[in-house]
Amino acid sequence: MDRKVALLIINKLGSSGTPPEVGVEAFSIGLDKYLKTIEDEYLNGILKNYHLSSFKLVVGNYGGGKTHFLYSVRNLAFKHGYVVVYVSLNPTECPFDKLELVYKQIINNIQITPPTKETLSFPLTGIEAFIEQWYSQVKEKLNQTTAINDYLSTLRGIESSSFLNAIKGAFFNWGTSNIEEFNAIIQYLKGEEIGKEIRARYRISERIDKATAFRMIRSFIQWVHLIGYNGVVFLFDEAERGISMSSSKDKRRALDNLRQIVDECGNSRLPGAMFFYAIPDENLLLEGAGGVYEALKQRLTTVFSNINPLGVKIDLEELGISPQEFLIALGEKLIEIFNTAYDFTLAPEERKKLIKIFSERSAQAYGFDISYRRLFIVTMLGALQRIKNEPEALKKILSNPQEVDRLLRITSRKLISEEQRDITETEF
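Residues numbered from 1 in each chain as written. Predicted model: local features only at pLDDT ≥ 70, side-chain atom pairs only at ≥ 80, totals over all residues. Heavy atoms only, no water.

Peer 1: Looking at this model, I keep getting lost on the environment of Ile167. Mind explaining?
Peer 2: Examined against the element boundaries, Ile167 turns out to sit in helix 7 (residues 161-175). A C-alpha to C-alpha distance of 9.6 Å links Ile167 and Phe182, two positions 15 residues apart in sequence. Contact partners of Ile167, with chain neighbours within four places excluded, come to Trp134, Leu155, Leu189 and Trp223. (Helix = DSSP H or I, 4+ residues; strand = E, 2+ residues; numbered from the N terminus. Contact = heavy atoms within 4.5 Å.)

Next comes the structure, spelled out in structure tokens:
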């Protein structure tokens, strides 16, 4: 790991406890058993070889590693030739009861593998970047307009002819440098209104709205598979917020959309698609009475493991490692990253004692509203910064468990306040 990545990780984790977009493998603990099974059974298995699809429910507390896990899955998907869509659901921009808004976020959050091998390299994101990359991959065969038309004529088998015509039009106009019409078609693909002339010229007859949104999502999956990728991995994060703040009617509609996706998995209309839907508490999602609740409960109860890869629920609290063992292993990795970031080294005995006292006190912090994992990360990285700048603070921390408890309480209040502010800003 180079210093840039180490600084990025420390800065992101130390400020909020949320994982950075790159470098999560450097501090992963206990996820291997899940990731290896996903890779073997799905990404390099039935999705790639048989063009099937699958759905998994990811369960983990606030700060319990859901985003970290999803980023790890994303990196595996890139490695095996998949397009990734990472969407953070929320009640204003992306509520799951309105699939037309989910579709827009999907199109805006298409991700493909970074173009360079640099360690600090972020994925290319968005429909424009995706089409540009698509064109660049085949441009050597498309030096002339006739060749472009010949290539596009081979594209077929997409459910929505309007969607197919739109992506053909975007490809053609990018290849012929007609940027004005390229942008107009991109506008349509993003679910926005376009002029009648563009509609007529490219034979786009369908609007993208609540009646057509699911068909457009299926068409997007079919298109990605058609042009050579192994499929699409969808990562829906923080899904609980969008549902928990909805009305009962909206929640039922959201759950019905979820049930529809689960039911569609396995059929030929979703070639190579895999959905991950992350929530903190399955009971929060499924509490309620009625047909849609019962239908979902029946579909989401089986537990995913290396023994039963067909199971649906991935429980991030069940990693087969005790909380303190988890934190000790995590602490070792965080200190290594901190050393790389700041060229700051603790003596081996001091390092061991520091990890021990923070892991013991954090693992006992079950009464706090913030996950003990996030609490440990933010508090210990804060302590390391303090020790780096005031070396005498180390002795005080190591000799006084109450000082560690005080730091944990301060961090907990800070994280809760930030969480509440985030929810308020999202809602209003």
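Peer 1: Would you mind going over helix 16 (residues 348-363) with me for this structure?
Peer 2: In an α-helix, one full turn covers 3.6 residues, which means residues spaced three or four apart are oriented alike. The end-to-end C-alpha separation of helix 16 is 22 Å, in line with the 22 Å expected for 16 residues at 1.5 Å each. Buried within helix 16 are the following residues: Arg351, Leu354, Ile355, Ile357, Phe358, Ser359, Ser362 and Ala363. (Expected span 1.5 Å × (residues − 1). Buried < 20%, exposed > 50% of the residue type's maximum accessible area, 1.4 Å probe, protein only.)

Peer 1: Sorry if this is basic, but what is going on with unusual backbone geometry here?
Peer 2: Keep in mind that most residues, glycine aside, have a negative phi and that most peptide bonds are trans. Not every positive phi belongs to a glycine, and His51 is a case in point at roughly 60°. Within the secondary structure, His51 is located in the loop between helix 2 (32-50) and strand 1 (54-59). Assessed through its relative accessible area of 37%, His51 is described here as partly exposed.

Peer 1: How should I be thinking about the packing of aromatic side chains in this particular structure?
Peer 2: What characterises a pair of aromatic rings is the spacing of the ring centres plus the angle enclosed by the ring planes. Taken as a whole, this structure holds 23 aromatic pairs when the rule is applied. An angle of 65° between the planes, with centres 6.2 Å apart, marks the rings of Phe220 and Trp223 as edge-to-face. Taken together, the residues span about one helical turn, with Phe220 and Trp223 both in helix 10 (residues 213-226) at a distance of three residues. One exposure class covers both Phe220 and Trp223, and it is buried. A ring pair is formed by Phe234 and Phe236, whose centres lie 6.2 Å apart and whose planes are at 15°; its orientation type is stacked. (Phe/Tyr/Trp six-rings, centres within 6.5 Å; stacked < 30°, edge-to-face > 60°.)

Peer 1: What is the right way to look at the pairing of strand 2 (residues 82-88) in this model?
Peer 2: Every regular strand shows the same layout, with side chains that alternate between the two sheet faces. Counting buried positions along strand 2 yields six of seven residues, so the element is predominantly enclosed. Relative to strand 5 (residues 231-237), strand 2 is paired through seven bridges, and the arrangement is parallel. Along strand 5, the bridge assignment pairs Tyr86 with Leu235. (Pairing = 2+ DSSP bridges.)

Peer 1: I would appreciate a short explanation of the environment of Leu381 in the present structure.
Peer 2: If you trace the backbone, Leu381 turns up in helix 17 (residues 372-389). The contacts of Leu381, once residues within four sequence positions are left out, are Ile10, Leu13, Gly14, Leu334 and Phe338.

Peer 1: Got a minute to help me understand the side chain of Glu282 in this structure?
Peer 2: Within the secondary structure, Glu282 sits in helix 13 (residues 282-286). Here the side chain of Glu282 touches Lys313 through a polar contact of 2.7 Å, side chain to side chain. When near neighbours in sequence (up to four residues on either side) are disregarded, Glu282 contacts Leu57, Val59 and Lys313. (Polar contact = N/O pair within 3.5 Å; in protein donor to acceptor, adjacent residues only side chain to side chain.)

In short, the description is geometric, and any link to function would need to be established separately.
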